[in-house]
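# A closer look at the structure
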Amino acid sequence: SLGKLDANIVAETARQIAKKMALIPYHGATGSDTVVYDDSWLDLLKGASGIVSGSTTPTSGGTAGTDAQGVFNIVETLKNNFLGNIDTAPEVFMDNGIVVSMSPLHASYYFENYRKLFGTDTVVPVMEQLANGRMTTWIHPGTRMRIVIQNALGVTGEIIATRHKNPVLAFDLESDATRLKMWYDQTDDLIYWRLRVKMGTAWRALNADNVRYWG
């Protein structure tokens, strides 16, 4: 028995696996991965046509905050894409009708962009919580669009807006994603772990009426 080391080893292994399990659906195999995963969410997005709203590198909006690539301004552009469609326009003002995912860096740019545009004296409560680092999700002002910080997007930096429940993540067995086996081999004095899982990603509808991205 490893005694008190058990909990720490299991916790760190689980943390590393959880991090990888968040990256793979978006990016597929990364780094030294040997898994087979051909159709990640981003691969599917980039293989589609007519859903890119912009490709310049997101920023905090420039000196005045008015540059198109400012992250707050990007979300406004994505919002306007959905407002231009008779089916999705009402969903901009429905709870969780449209969900926007972005990296932690872009969440920081979003708030910087907001302050440049509206000043520090007009910070609404939801933005104050973001400023205090107490949020991973919030509502974009003037809408009911929910913004979510997605760590996995920190690898390549896309900002994705989609109708709720459009992205799909499926498992062969739900328990596959939570069953972790670990053992100690006295022969070679090593600790081994194994997680076997079959999973796949898809979009219910991969067109400009249902999903847009910047990147």
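For the structure, see preceding data.
First, a word on scope: everything that follows refers to the structure included in this document. (Residues numbered from 1 in each chain as written. Predicted model: local features only at pLDDT ≥ 70, side-chain atom pairs only at ≥ 80, totals over all residues. Heavy atoms only, no water.)

Before going further, it helps to spend a moment on the sheet that holds strand 2 (residues 98-102). Hydrogen bonds along the backbone pair up the strands of a sheet, which may run parallel or antiparallel. Judged by pairing direction, the sheet is mixed, and its six strands sit side by side in the order 1-10-5-2-4-3 without closing on themselves. Looking at which strands have only one partner, the edges of the open sheet turn out to be strand 1 (52-54) and strand 3 (137-139). In this sheet, adjacent strand axes meet at a mean angle of 20 degrees when their direction is disregarded. Pairing between strand 1 and strand 10 (residues 211-214): two bridges, direction parallel. Among the inter-strand pairings, G54 is bridged to a residue of strand 10, identified as W214. (Pairing = 2+ DSSP bridges. Helix = DSSP H or I, 4+ residues; strand = E, 2+ residues; numbered from the N terminus. Axes fitted to C-alpha atoms, helices over the stretch in contact; angles between N-to-C directions.)

A word on the packing of aromatic side chains. Under the counting rule described, the total for this entry stands at seven aromatic pairs. Ring-pair connections join several aromatic residues into one group, and the members of that group are F72, Y110, Y114, F118 and W138. (Phe/Tyr/Trp six-rings, centres within 6.5 Å; stacked < 30°, edge-to-face > 60°.)

Taken as a whole and judged by the stated rule, the model has four salt bridges. Between E158 and K46 there is a salt bridge; the shortest N-O distance is 2.8 Å. Of this pair, E158 sits in the loop between strand 4 (146-149) and strand 5 (159-163) while K46 sits in helix 2 (residues 41-47), and the two are 112 residues apart along the sequence. Here E158 falls in the buried class, since its relative accessible area comes to 3%. (Salt bridge = Lys/Arg side-chain N within 4 Å of Asp/Glu carboxyl O. Buried < 20%, exposed > 50% of the residue type's maximum accessible area, 1.4 Å probe, protein only.)

This part covers the layout of surface pockets. Taken as a whole, the second largest pocket holds about 330 Å³ of empty space. Sorting the residues of the lining of the second largest pocket by element identifies helix 1 (5-27), strand 2, strand 5, strand 6 (167-171) and strand 9 (199-203) as the ones contributing at least two each. Residue contributions to the lining of the second largest pocket peak at four residues, all from helix 1. Taken together, the residues that form the lining of the second largest pocket break down as 13 nonpolar, four polar and two charged. (1 Å grid on protein atoms, 1.4 Å probe; cavity = no way out; pocket = protein on both sides within 12 Å on 5 of 7 lines; lining within 4 Å. Points joined across faces, edges and corners; volume = space filled by probe spheres on them. Nonpolar A, V, L, I, M, F, W, Y, C, P; charged D, E, K, R; others polar.)

Moving on to helix 3 (residues 71-83). In this model helix 3 runs 18 Å from its N-terminal to its C-terminal C-alpha over 13 residues, within 8% of the 18 Å that 1.5 Å per residue would give. Within the sequence span of helix 3, burial applies to V71, F72, N73, I74, V75, L78, K79 and F82. The secondary structure elements touched by the buried residues of helix 3 are strand 1, strand 2, helix 4 (104-118), strand 4, strand 5 and strand 10. (Expected span 1.5 Å × (residues − 1). Contact = heavy atoms within 4.5 Å.)

Here we take up the side chain of T162. By the secondary structure assignment, T162 is in strand 5. Separated by 3.1 Å, the side chains of T162 and N166 make a polar contact. A polar contact is formed between the side chain of T162 and the backbone oxygen of N210, at a distance of 3.3 Å. Leaving out residues up to four positions away in the same chain, T162 has contacts with F82, G97, I98, V99, P167, W203, N210 and V211. (Polar contact = N/O pair within 3.5 Å; in protein donor to acceptor, adjacent residues only side chain to side chain.)

Once that is clear, we can look at the nonpolar core. The biggest cluster of nonpolar side chains holds 19 residues, and the ones touching the most others in it are V75, V100, M102, Y110, I147 and I159. When residues of this core are traced back to their parent elements, those giving at least two are helix 3, strand 2, helix 4 and strand 5. Apart from the residues lying within four places of it in its own chain, the contact partners of V75 are V100, M102, Y110, H140, M145 and I147. Counting residues in each nonpolar core, the second largest holds twelve residues, with W41, I51, W203 and Y213 among its members. (Core = buried A, V, L, I, M, F, W, Y, C linked by side-chain atoms within 4.5 Å.)

Here P167 shows up in strand 6. According to the relative accessible area criterion, P167 is partly exposed, its value standing at 33%. For P167, the residues in contact, after removing those within four places along its chain, are W41, T162, A202 and W203.

This part takes up helix 4. Taking 1.5 Å per residue, 15 residues should reach 21 Å; helix 4 reaches 21 Å between its end C-alpha atoms and fits that length. Inspection of helix 4 places H106, A107, Y110, F111, N113 and Y114 among the buried residues, and these make up the whole buried set. Buried residues of helix 4 fall within an arc of 160 degrees about the axis and therefore sit on the same side. Residue G119 follows helix 4 closely and has a positive phi angle near 85 degrees. (Arc of directions from axis to C-beta.)

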